[in-house]
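Read off the chains here:
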Amino acid sequence: MGNYTKEQIIDKAKDLAKMISTTNEVDFFKRAEAQINENKNVAELMSVIKGLQKQSVNFQHYGKSEALRKTEDKLAKVERELDEIPIVQEFKQSQIEVNDLLQMVANVISNTVTDEIIKATNGDLLRGETGSKVKNNSHSHSC
């Protein structure tokens, strides 16, 4: 195995990203997002939420605690209403699935790099120790 440049690794990462963007999870995410963007009820609720969020910021800034509390209560109610819409639930679930896939890929890359370093240094995979650590530990035990 030769040495790879950062550019080659980035190119491979882009290829991997293209593969991920064609998965069922991402396809479902795109369709759910399109449905959300076409849904008038969702658009109205999002507009109300944005307005209430702006009010909250203003009330907080001016120290209007009672008005802030009432606005935050309204905000929570509208957010619950939005979350009860089936397409919103599906969209949120699809976000979780895409994020899980990305996290899994990141973990596989991280774990594989670590394992390859351990192997390349004649380390101990079971203990997760590089060769120099194994060597130093065996010296300290023999004293």
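Provided above is the structure to which this section pertains.
Let me begin by describing the structure that accompanies this report.

Each value, and the rule that gives it
Residues numbered from 1 in each chain as written. Predicted model: local features only at pLDDT ≥ 70, side-chain atom pairs only at ≥ 80, totals over all residues. Heavy atoms only, no water. Salt bridge = Lys/Arg side-chain N within 4 Å of Asp/Glu carboxyl O. Helix = DSSP H or I, 4+ residues; strand = E, 2+ residues; numbered from the N terminus. 1 Å grid on protein atoms, 1.4 Å probe; cavity = no way out; pocket = protein on both sides within 12 Å on 5 of 7 lines; lining within 4 Å. Points joined across faces, edges and corners; volume = space filled by probe spheres on them. Core = buried A, V, L, I, M, F, W, Y, C linked by side-chain atoms within 4.5 Å. Buried < 20%, exposed > 50% of the residue type's maximum accessible area, 1.4 Å probe, protein only. Contact = heavy atoms within 4.5 Å. Polar contact = N/O pair within 3.5 Å; in protein donor to acceptor, adjacent residues only side chain to side chain. Axes fitted to C-alpha atoms, helices over the stretch in contact; angles between N-to-C directions. Parallel < 35°, antiparallel > 145°, perpendicular 65-115°, else oblique. Left-handed = near helix turned anticlockwise from the far one by under 90°.

**Comments concerning the pattern of salt bridges**
And then number 1: As enumerated under the stated definition, the model contains seven salt bridges in all.
And then number 2: Linking Glu116 and Lys119 is a salt bridge whose minimum nitrogen-to-oxygen distance equals 3.4 Å. Separated by three residues within a single helix, Glu116 and Lys119 lie in helix α5 (residues 86-120), roughly one turn from each other.

**Some words on the layout of surface pockets**
Sizing a probe to match a water molecule and rolling it over the atoms shows the empty space that remains.
And then number 1: Counted as a void, the second largest pocket has a volume near 150 Å³.
And then number 2: Glu33, Ile36, Asn37, Val42, Met46, Leu82, Val88, Phe91, Lys92 and Gln95 are the residues that line the second largest pocket.
And then number 3: Examining the composition of the lining of the second largest pocket, we find that four residues originate from one element, α5, more than from any other.

**Overview of the nonpolar core**
And then number 1: Counting residues in each nonpolar core, the largest one holds 13 residues, and the members touching the most others are Ile36, Val42, Leu82, Ile85, Ile87 and Val88.
And then number 2: Here this core takes four residues from helix α3 (residues 40-61), the largest share from any one element.
And then number 3: Residues within four places of Leu82 in sequence aside, it is in contact with Val42, Leu45, Met46, Ile49 and Val88.

**Digging into the environment of Thr121**
And then number 1: For Thr121, the position within the fold is in the loop between α5 and α6 (131-141).
And then number 2: What makes Thr121 partly exposed here is its relative accessible area of 35%.
And then number 3: Beyond its immediate sequence surroundings of up to four residues, Thr121 is in contact with Thr130 and Gly131.
And then number 4: Looking at Thr121, its side chain comes within polar contact range of the main-chain oxygen of Ile118, at 3.1 Å.

**Remarks on the packing of α3 against helix α4 (residues 65-83)**
And then number 1: One can describe the packing of α3 onto α4 by two numbers: an axis separation of 9 Å at closest approach and a directional angle of 160°. Judged by the angle between their axes, α3 and α4 are roughly antiparallel. Every pair of crossing elements has a handedness; the one defined by α3 and α4 is left-handed. On α4, the residues that touch Val42, Leu45, Met46, Val48, Ile49, Leu52, Gln53, Gln55, Ser56, Phe59 and Gln60 of α3 are Ala67, Leu68, Thr71, Glu72, Lys74, Leu75, Val78, Glu79, Glu81 and Leu82.

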